[in-house]
Amino acid sequence: MISRLQEVETHFLEVEKALSDPNVSSDPSELQRLGKLHSELSPIIEAYRTLRDTMQGIADAEAMLADPELHDMAQEELNELRSRVDDQQKHLTLMLLPTDPNDDKNVILEIRAGTGGEEAALFAGDLLRMYMRYADRRHWKYDLLSVDETGIGGYKEAVLNIQGQAAYSQLKFESGTHRVQRVPATETSGRIHTSAATVAVLPEADVVSVDIKQEDLHIETYRSSGAGGQNVQKNETAIRITHRPTGMVVTCQDERSQGQNKLKAMIIIASRLQEQAEAAASADRTADRKSQIGSGDRSDKIRTYNYPQGRITDHRIGFSSYNLAGVMDGDIQEFIDALIADDQAKKLQSTED
């Protein structure tokens with residue numbers, strides 16, 4: 001690890017030197033690239049230099065052990081420094097683990113009602129509000145790209161664009177089937193039902209960077225519909241785009257202009273196509289969308305929201321919380337932190353193996 005850290009430090013010093021080059025300062029794109037690289041490497045270099053100082057302190061303390069008058073003091077210092085160096089090495093190992101290139105990206109979050117009829121659609125709406133509230137807590141921006149509402153306040157499907165620093169790194173483990181156990185609002189006998197909704201989290205793609213041929217798109221326009229007859233648009237502002245090669249269909253009607261709805265639809269298509277391309281190129285990513293979000297069946301679950309017991313359990317890591325009201329209000333950070341920690345532990349284990 002030390003030799004690798006020395007290489008990183010050499011690269012860091014080269015970046016610092018380049019940033020002071022007048023030719024670089026006159027090139028905004030190169031200046032931005034180097035500035036980003038410098039900010040990414042800085043925490044690693046700071047931690048490495050701290051580790052190096054600790055290791056030097058260990059060498060100095062070991063040298064003092066030979067002096068009878070300094071032996072006890074040196075031994076005490078040596079024990080403390082050896083304990084400290086272990087923590088520092090573990091921290092640096094985590095920092096050197098390969099990162100997901102999509103971690104810094106914004107998110108396209110898709111929620112669909114699964115098994116459970118109207119109750120599943122209501123739960124999909126609850127999940128949508130949960131992620132909106134989480135975004136509010138993080139001071140992130142979000143935008144509804146597409147919704148398919150039911151008559152009683154539920155959602156057959158909702159697509160949310162979340163824009164925030166490292167949003168994908170925080171939300172990527174939310175993909176899968178979320179199961180709810182509760183008495184539905186539509187239940188008259190008080191019987192507990194089990195329903196499900198699926199969540200898919202995609203890194204937002206740059207429409208320009210994804211190769212989408214115009215001839216592969218079938219674009220239709222129609223009038224937007226809304227709650228109440230007075231809200232129905234007279235102009236054809238809604239957009240339906242079909243990507244012919246994949247059969248993918250995306251509709252957007254929430255904006256008042258056709259151009260804005262088309263842009264939203266294209267963002268969804270580009271993100272889905274990019275996710276499919278990356279899945280095909282890497283065995284480490286999901287092979288297709290179905291394997292990412294699951295079937296939507298109640299038994300194919302990553303997390304259960306048990307209302308009678310006020311408990312939420314993430315089945316992947318065996319982590320539970322009784323803060324159900326808080327979680328449904330967007331307080332999901334403890335689950336996200338636990339999932340990230342589990343992922344890091346698995347990566348560390350793979351490096352040791």
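Preceding block: the structure.
Not measured: the values here are computed from a predicted model. (Residues numbered from 1 in each chain as written. Predicted model: local features only at pLDDT ≥ 70, side-chain atom pairs only at ≥ 80, totals over all residues. Heavy atoms only, no water.)

Draft legend 1. Up close: the overall build of the chain. What the chain contains, in helices and strands, is 10 helices and 11 strands. Taken against the 2.2 N^0.38 rule, which gives 20 Å for 353 residues, the C-alpha radius of gyration of the chain at 26 Å runs more than 25% over that of a compact globule. Each principal axis of the C-alpha atoms in the chain carries an extent, and together these give about 90 × 60 × 35 Å. Taking all 353 residues of the chain together, 41% fall into the buried category. Taking contacts inside the chain between residues at least 6 apart in sequence as the whole, the part at least 24 apart equals 61%. Of the roughly 18,800 Å² of accessible surface on the chain, a fraction of 49% belongs to carbon and sulfur atoms. Taking the 40 positively charged and 58 negatively charged side chains of the chain as two groups, their mean positions are separated by 10 Å. (Helix = DSSP H or I, 4+ residues; strand = E, 2+ residues; numbered from the N terminus. Rg over C-alpha atoms; globule rule 2.2 N^0.38 Å. Buried < 20%, exposed > 50% of the residue type's maximum accessible area, 1.4 Å probe, protein only. Contact = heavy atoms within 4.5 Å. Areas by Shrake-Rupley, 256 points an atom, 1.4 Å probe, with all protein chains shown as cover. Lys, Arg positive; Asp, Glu negative; His and termini not counted. Charge placed at Lys NZ, Arg CZ, Asp CG, Glu CD.)

Draft legend 2. The pattern of salt bridges, seen in detail. Using the criterion set out here, one finds 26 salt bridges in the structure. Residues Glu-80 and Arg-84 are paired through a salt bridge, measuring 2.7 Å at the closest nitrogen-oxygen approach. Of the two residues, Glu-80 and Arg-84 both sit in helix H4 (residues 71-96), four residues apart, roughly one turn of that helix. A salt bridge links Arg-133 to Asp-136, with the shortest nitrogen-to-oxygen separation between them at 3.4 Å. Linking Arg-133 with Asp-136, this pair stays in helix H5 (residues 117-137), spanning three residues, or about one helical turn. Using a relative accessible area of 30% as the deciding quantity, one classes Arg-133 as partly exposed. According to the relative accessible area criterion, Asp-136 is partly exposed, its value standing at 31%. Bridged by salt links that share partners, the residues Glu-110, Arg-112, Glu-157 and Arg-272 form one connected network. (Salt bridge = Lys/Arg side-chain N within 4 Å of Asp/Glu carboxyl O.)

Draft legend 3. Here's a closer look at the pairing of strand S10 (residues 311-314). Across four bridges, strand S9 (residues 303-306) lies against S10 in antiparallel orientation. Bridging across to S10, Thr-304 finds its partner in Thr-313. Hairpin connection from S9 to S10: four residues lie between these consecutive antiparallel strands, with Gly-310 at a positive phi of about 65 degrees. As defined by bridge partners, S10 adjoins strand S11 (residues 319-321) across three bridges and the pair is classed as antiparallel. Residue pairing for S11: Asp-314 is matched across the bridge by Phe-319. Hairpin connection from S10 to S11: four residues lie between these consecutive antiparallel strands, with Gly-318 at a positive phi of about 65 degrees. (Pairing = 2+ DSSP bridges.)

Draft legend 4. Region of interest: helix H3 (residues 28-64). Helix length check: H3, at 37 residues, gives a terminal C-alpha distance of 53 Å against a target of 54 Å (1.5 Å per residue), a fit within 8%. Approximately 35 degrees is the largest bend angle found in H3, and it occurs at Leu-41, with the proline Pro-43 only one to four residues beyond. (Expected span 1.5 Å × (residues − 1). Bend = angle between axes of the 7 residues up to and from the residue.)

Draft legend 5. Seen up close, the packing of H3 against H4. The interhelical angle for the contact between H3 and H4, taken along N-to-C directions, is 155 degrees, at an axis separation of 8 Å. Here H4 runs roughly antiparallel to H3, going by the angle between their axes. In the crossing of H3 with H4, the sense of the turn from one axis to the other is left-handed. Partitioned by chemical class, the residues of the contact of H3 with H4 number 16 nonpolar, seven polar and four charged. (Axes fitted to C-alpha atoms, helices over the stretch in contact; angles between N-to-C directions. Parallel < 35°, antiparallel > 145°, perpendicular 65-115°, else oblique. Left-handed = near helix turned anticlockwise from the far one by under 90°. Nonpolar A, V, L, I, M, F, W, Y, C, P; charged D, E, K, R; others polar.)

Draft legend 6. How the structure looks around the pairing of strand S8 (residues 248-252). On S8, burial follows the alternation: Met-248, Val-250 and Cys-252 on one face are buried, whereas Val-249 and Thr-251 on the facing-out side are not. In this structure, strand S7 (residues 238-243) lies alongside S8, joined through five bridges in antiparallel fashion. Counterpart to Ile-239 in the pairing with S8 is Cys-252. In textbook terms, the turn of a hairpin is the stretch between consecutive antiparallel strands, and for S7 and S8 this stretch comprises four residues, one of which, Gly-247, has a positive phi near 80 degrees.

Draft legend 7. Structural context of the sheet that holds S8. Here we have three strands laid out as an open sheet, ordered S6-S7-S8, and antiparallel in their pairing. The open sheet has two free edges, formed respectively by strand S6 (217-222) and S8, since each of these has just one partner strand. Here the average twist between neighbouring strands, direction ignored, is 15 degrees. Judged from the six bridges that link them, S6 and S7 form a sheet pairing that is antiparallel. Bridging across to S7, Thr-221 finds its partner in Ile-239.

Draft legend 8. Seen up close, the packing of helix H1 (residues 2-19) against H3. Direction vectors running N to C along H1 and H3 enclose 135 degrees, while the axes themselves pass 8 Å from each other. In terms of orientation, H1 lies oblique with respect to H3. Every pair of crossing elements has a handedness; the one defined by H1 and H3 is left-handed. Of the residues that constitute the contact of H1 with H3, the class distribution is 17 nonpolar, five polar and four charged.

Draft legend 9. Here's a closer look at H1. Its 18 residues place the ends of H1 26 Å apart at the C-alpha level, agreeing with the 26 Å of an ideal helix rising 1.5 Å per residue. Those residues of H1 not exposed but buried are Leu-5, Val-8, Glu-9, Phe-12 and Val-15. Down the axis of H1, the sector holding all buried residues measures 120 degrees, keeping them to one side. The outward face of H1, more than 90 degrees from its buried face, is lined by the exposed residues Glu-7 and Lys-17. Lining the buried residues of H1 we find H3 and H4. (Arc of directions from axis to C-beta.)

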